[in-house]
Amino acid sequence: MRRAVYAGSFDPVTKGHLWMIEAGVKLFDELVVAIGVNPDKRYTFSVGERKVMIKDCTRHLPHLRVESFENQFLVNYAKSIGANYILRGIRSPSDYEFERTMRYINGDLFNDVDTVFLMPPREIAEVSSTMVKGLVGPLGWEDVVRQYVPEAVYQHMLDHHAKT
């Protein structure tokens, strides 16, 4: 079985993340979307909220699990769930340099877990969770943010913003 893990903070899920998830489901027998939790990082959405957002926008996809992990290297997490692959996105030259280095480090730890790199289409290549969160607030933010996140995530963002 070809099992892959696609990890990130997903705070929030963007159309770029969804593109990666949809591509991963086509490439592997099972894809585990793993929310990485860094205790030193401040998140907008809780792990539970992020899991719900991912599940809400991926209901149409087969062979997909949504989990979270904390305080371990991604390659160790991949090994612990029996994943043979790590799926990563490359949006820019700096992403490539970082991911290339991490692939070599991961190979030093476990050479039987391979990294697969995908490049999203140009129209969503620049979209990041940080960018999306930075757009929230000013008058008219809703129309701008809606372009960059799946509809289910957009609804969660509206609800979250109304509560704050």
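This report concerns the structure included in the present document.

What counts as what
Residues numbered from 1 in each chain as written. Predicted model: local features only at pLDDT ≥ 70, side-chain atom pairs only at ≥ 80, totals over all residues. Heavy atoms only, no water. Helix = DSSP H or I, 4+ residues; strand = E, 2+ residues; numbered from the N terminus. Buried < 20%, exposed > 50% of the residue type's maximum accessible area, 1.4 Å probe, protein only. Polar contact = N/O pair within 3.5 Å; in protein donor to acceptor, adjacent residues only side chain to side chain. Contact = heavy atoms within 4.5 Å. Patch = residues over 30% accessible without salt bridge, like charges linked within 9 Å, V, L, I, M, F, W, Y side chains within 5 Å. Areas by Shrake-Rupley, 256 points an atom, 1.4 Å probe, with all protein chains shown as cover. Salt bridge = Lys/Arg side-chain N within 4 Å of Asp/Glu carboxyl O.

## Concerning the side chain of Asp 11
Moving on, step 1. Mapped onto the fold, Asp 11 is located in the loop between strand 1 (3-8) and helix 1 (15-27).
Moving on, step 2. The buried category is assigned to Asp 11, whose relative accessible area is 1%.
Moving on, step 3. Reaching out from Asp 11, the side chain makes a polar contact with the backbone nitrogen of Phe 45 at a distance of 2.9 Å.
Moving on, step 4. When neighbours within four sequence positions are excluded, Asp 11 is seen to be in contact with Tyr 43, Thr 44, Phe 45, Arg 50, Ser 129 and Lys 133.

## A look at a nonpolar patch on the surface
Moving on, step 1. A cluster of nonpolar side chains, Phe 73, Ile 105 and Leu 109, forms an exposed patch at the surface whose accessible area comes to about 290 Å².
Moving on, step 2. Position of Phe 73 relative to the elements: it lies in the loop between strand 3 (64-70) and helix 3 (74-80).

## Describing the pattern of salt bridges
Moving on, step 1. Counting across every chain of the model gives 11 salt bridges.
Moving on, step 2. For Glu 30, the salt bridge identified is with Arg 65, shortest N-O distance 3.3 Å. Residue Glu 30 is located in strand 2 (residues 30-37), and its partner Arg 65 is located in strand 3; the two are separated by 35 residues in the primary sequence.
Moving on, step 3. Judged by its relative accessible area of 26%, Arg 65 falls in the partly exposed class.
Moving on, step 4. Between Glu 67 and Arg 65 there is a salt bridge; the shortest N-O distance is 2.9 Å.
Moving on, step 5. Among the ionic contacts, a cluster of salt bridges with common partners joins Arg 3, Glu 30, Arg 65 and Glu 67.

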